[in-house]
Amino acid sequence: MSEDSIKRISPLISIILGLLLGYLLLLLVGYDGNSGFKYLFQGGIKGITEGKYRRIGDTLAQMTPLMLTGASVAFAFRTGLFNIGASGQMLFGGFVAVLVGITVDLPPVILPLVATLLAGVAGGLYGFLPGYLKAKYNIHEVVIGIMMNYVSVYLVQYLVKILIPGKYVIESAHIPKEASLKMSFISNIFRGSPLNAGFFVGVIALIVIYVILEKTTFGFELKAVGFNKDAAKYSGMKVNKNIIYSMMISGCLAGLAGATFYIGYTNHIKLGTVPTLGFDGIAVSLLGKNSPIGIFFSSFLFGYLKNGGSFMASSTDIPRELVDIVIAIIIYFSAISFVIEKFLNKLLVKMKKEGK
């Protein structure tokens, strides 16, 4: 076995370990693990063989914002940064999308497109400050990102109450149908699933970041700064600007995730909470090895588990809280695939030495 093959199979091994531990947990607390996992696996795709696509549509809908938050975290990772502020950027971008959807008068096809693009811009601008402080004063982006998450929660809460207050104090006003990313032909195919055009936004974003990172000089410079800032500076690259650009692009992806969630999956903003999808994006990125194709499949897995977990909770007597713990265990093991890879590499080195 080579190091390349270990790198490829370590995510699969981590997923299997997570499933096994989740199964054992159900058995230890006295529930039927076979029945539970049967509904967990069925939940994400049930009915697809009979031409009933509702549940696979639900899985893809859960997957959509995770593609973008995973891409956001991965882009930062690939350029030597850790964007833990994706949740705040997602919320702020989502707020801008909802605001535009409610207050701007445009044709139905144009309005959601404009709202989505402006959400990406807003997320990018929200990512500017962590990038600037990192570049100018070397303040760690994790510290700023965590603080900015809290700022986003209270800033959005304040702005919603002033600009787009809802019927209830805990939510914003609802967007009109014309501003939604939901499309009738998608709803018809997937039998009323919340799957929306945001899915295509996510796929396009993954393609774009692949092209930027792998096929452009700009992407090469961003990665070079992440690998070795001093060497990049010595070679004439604009290190500080590239750090800021990296965080802004990462924030832009998170902002797009906010649009797909708040004007796609739902149609308003709940106040006082930061979306956990930004933190889930860290696990999606790690499992996907920070690559666009890996993120696509890892986000599908997470969406599948979330959708299947809901089906398991509704179809068995297993408490919802226990279902969440099982899902969390699987996600946890998925996120630490790099630990599995490191262990297997050490084992490979040991085996080679013994072979000599």
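Structure: see above.
Each value, and the rule that gives it
Residues numbered from 1 in each chain as written. Predicted model: local features only at pLDDT ≥ 70, side-chain atom pairs only at ≥ 80, totals over all residues. Heavy atoms only, no water. Helix = DSSP H or I, 4+ residues; strand = E, 2+ residues; numbered from the N terminus. Rg over C-alpha atoms; globule rule 2.2 N^0.38 Å. Buried < 20%, exposed > 50% of the residue type's maximum accessible area, 1.4 Å probe, protein only. Contact = heavy atoms within 4.5 Å. Areas by Shrake-Rupley, 256 points an atom, 1.4 Å probe, with all protein chains shown as cover. Salt bridge = Lys/Arg side-chain N within 4 Å of Asp/Glu carboxyl O. Patch = residues over 30% accessible without salt bridge, like charges linked within 9 Å, V, L, I, M, F, W, Y side chains within 5 Å. Lys, Arg positive; Asp, Glu negative; His and termini not counted. Charge placed at Lys NZ, Arg CZ, Asp CG, Glu CD. Axes fitted to C-alpha atoms, helices over the stretch in contact; angles between N-to-C directions. Parallel < 35°, antiparallel > 145°, perpendicular 65-115°, else oblique. Nonpolar A, V, L, I, M, F, W, Y, C, P; charged D, E, K, R; others polar. Phe/Tyr/Trp six-rings, centres within 6.5 Å; stacked < 30°, edge-to-face > 60°. 1 Å grid on protein atoms, 1.4 Å probe; cavity = no way out; pocket = protein on both sides within 12 Å on 5 of 7 lines; lining within 4 Å. Points joined across faces, edges and corners; volume = space filled by probe spheres on them. Core = buried A, V, L, I, M, F, W, Y, C linked by side-chain atoms within 4.5 Å. Expected span 1.5 Å × (residues − 1).

Asks: Can you walk me through the overall build of the protein in this structure?
Replies: Scanning the protein for helices and strands turns up 16 helices and 0 strands. The C-alpha radius of gyration of the protein comes to 21 Å, within 12% of the 21 Å expected for a compact globule of 356 residues. C-alpha extents for the protein along the principal axes are approximately 70 × 60 × 35 Å. Per-residue burial for the protein yields a buried fraction of 52% across its 356 residues. Counting contacts in the protein only where the partners sit at least 6 residues apart, residues at least 24 apart contribute 78% of the total. Roughly 17200 Å² of accessible area belongs to the protein as shown, and the carbon and sulfur atoms make up 67% of that amount.

Asks: So what exactly am I meant to see when it comes to the environment of Leu 213 here?
Replies: In this fold, Leu 213 is placed in helix 9 (residues 198-215). Not counting the four nearest positions on each side in its chain, Leu 213 is found in contact with Phe 75, Arg 78, Thr 79, Gly 219, Phe 220 and Lys 223.

Asks: Would you mind going over the pattern of salt bridges with me for this structure?
Replies: A side chain with one charge may pair with a side chain of the opposite charge, provided their charged atoms come close. Counted according to the given criterion, the structure contains 6 salt bridges. For Asp 58, the salt bridge is made with Arg 54, and the minimal N-O distance between the two is 3.1 Å. With Asp 58 and Arg 54 both in helix 3 (residues 54-78) and 4 residues apart, the pair spans about one turn of that helix. In this structure Asp 58 comes out as buried when scored by relative accessible area, which is 13%. One salt-bridge network, held together by shared partners, links Arg 78, Glu 214 and Lys 223.

Asks: Where do I start with a positive patch on the surface in this structure?
Replies: A surface patch of positive charge is lined by Lys 38, Lys 46, Lys 52 and Arg 191. With respect to the element layout, Arg 191 can be found in the loop between helix 8 (184-189) and helix 9.

Asks: Looking at this structure, how should I read the packing of helix 3 against helix 12 (residues 239-265)?
Replies: Between two packed helices, both the angle of their axes relative to each other and the distance between the axes serve to describe the pair. Running from amino to carboxyl end, helix 3 crosses helix 12 at an angle of 170°, the nearest separation of the two axes being 8 Å. Between helix 3 and helix 12, the crossing angle belongs to the class labelled roughly antiparallel. Two secondary-structure elements touch here, helix 3 through Ala 61, Gln 62, Thr 64, Pro 65, Leu 68, Thr 69, Ala 71, Ser 72, Val 73, Phe 75 and Ala 76 and helix 12 through Ser 246, Ile 249, Ser 250, Gly 251, Leu 253, Ala 254, Leu 256, Ala 257, Thr 260, Phe 261 and Tyr 265. A class-by-class count of the residues in the contact of helix 3 with helix 12 yields 14 nonpolar, 8 polar and no charged.

Asks: How do you make sense of the packing of aromatic side chains when you look at a structure like this?
Replies: Given two aromatic rings, one states the distance between the centres and the angle between the planes to describe the pair. Under the counting rule described, the total for this entry stands at 15 aromatic pairs. Between the aromatic rings of Phe 199 and Phe 200, the centroid separation amounts to 5.8 Å while the plane-to-plane angle is 80°, which identifies the pairing as edge-to-face. According to the relative accessible area criterion, Phe 199 is buried, its value standing at 13%. The class for Phe 200 is partly exposed, based on a relative accessible area of 44%. Feature note: the residues Tyr 23, Phe 37 and Phe 41 constitute an aromatic cluster, connected by ring pairs.

Asks: What is the right way to look at a nonpolar patch on the surface in this model?
Replies: Residues Leu 21, Leu 24, Leu 27, Leu 28 and Val 29 make up a contiguous nonpolar surface patch of about 470 Å² in total accessible area. Position of Leu 27 among the secondary structure elements: in helix 1 (residues 3-28). Residue classification places Leu 27 among the partly exposed residues on the basis of a relative accessible area of 41%.

Asks: How should I be thinking about the packing of helix 5 (residues 110-126) against helix 6 (residues 128-137) in this particular structure?
Replies: The geometry of helix 5 relative to helix 6 is characterised by a closest axis approach of 4 Å and an angle of 30° between their N-to-C directions. Of the possible angle classes, the one that applies to helix 5 and helix 6 is roughly parallel. The segment helix 5 lies against helix 6, with Gly 124, Leu 125 and Tyr 126 engaging Phe 128, Leu 129 and Pro 130. Considering only residue class, the contact of helix 5 with helix 6 consists of 5 nonpolar, 1 polar and no charged.

Asks: What's the story with the layout of surface pockets in this structure? I'm lost.
Replies: A water-sized probe rolled over the atoms picks out the places where empty space is left. A volume near 480 Å³ is recorded for the largest pocket. In terms of lining, the largest pocket is formed by 21 residues, of which the most central are Leu 113, Thr 116, Leu 117, Val 201 and Leu 256. At the level of secondary structure, the elements contributing two or more residues to the lining of the largest pocket comprise helix 5, helix 9 and helix 12. With 7 residues, the top contributor of residues to the lining of the largest pocket is helix 9.

Asks: Explain the environment of Arg 320 here, please?
Replies: Residue position: Arg 320 is located in helix 15 (residues 320-335). By relative accessible area, which is 35% here, Arg 320 ends up partly exposed. Measuring from C-alpha to C-alpha, the distance between Arg 320 and Leu 26 comes to 12 Å, with 294 residues separating the pair along the chain. Aside from chain neighbours lying at most four places away, what touches Arg 320 is Gly 309, Ser 310 and Ala 313.

Asks: Mind showing me how you'd approach the nonpolar core here?
Replies: For soluble globular proteins, the rule of thumb is that nonpolar side chains tend to be buried together. Grouped together as the largest cluster of nonpolar side chains are 46 residues, with contacts concentrated most on Leu 40, Phe 75, Leu 195, Leu 253, Phe 302 and Leu 305. Ranked by residues supplied to this core, first place goes to helix 3 with 10 residues. Not counting chain neighbours up to four residues away, the residues in contact with Leu 305 comprise Leu 40, Ile 327, Ile 330 and Ile 331. In this structure, Val 96, Ala 122, Val 160 and Ala 197 belong to the second largest nonpolar core, which totals 30 residues.

Asks: Help me out: how do you make sense of helix 12 in this one?
Replies: Quick reminder: α-helices carry 3.6 residues per turn. Residues three or four places apart thus point the same way. For helix 12, spanning 27 residues, the distance from its first C-alpha to its last is 38 Å, which sits close to the expected 39 Å at 1.5 Å a residue. Burial analysis of helix 12 places 19 of its 27 residues in the buried class, the great majority of the element.

In short, the description is geometric, and any link to function would need to be established separately.
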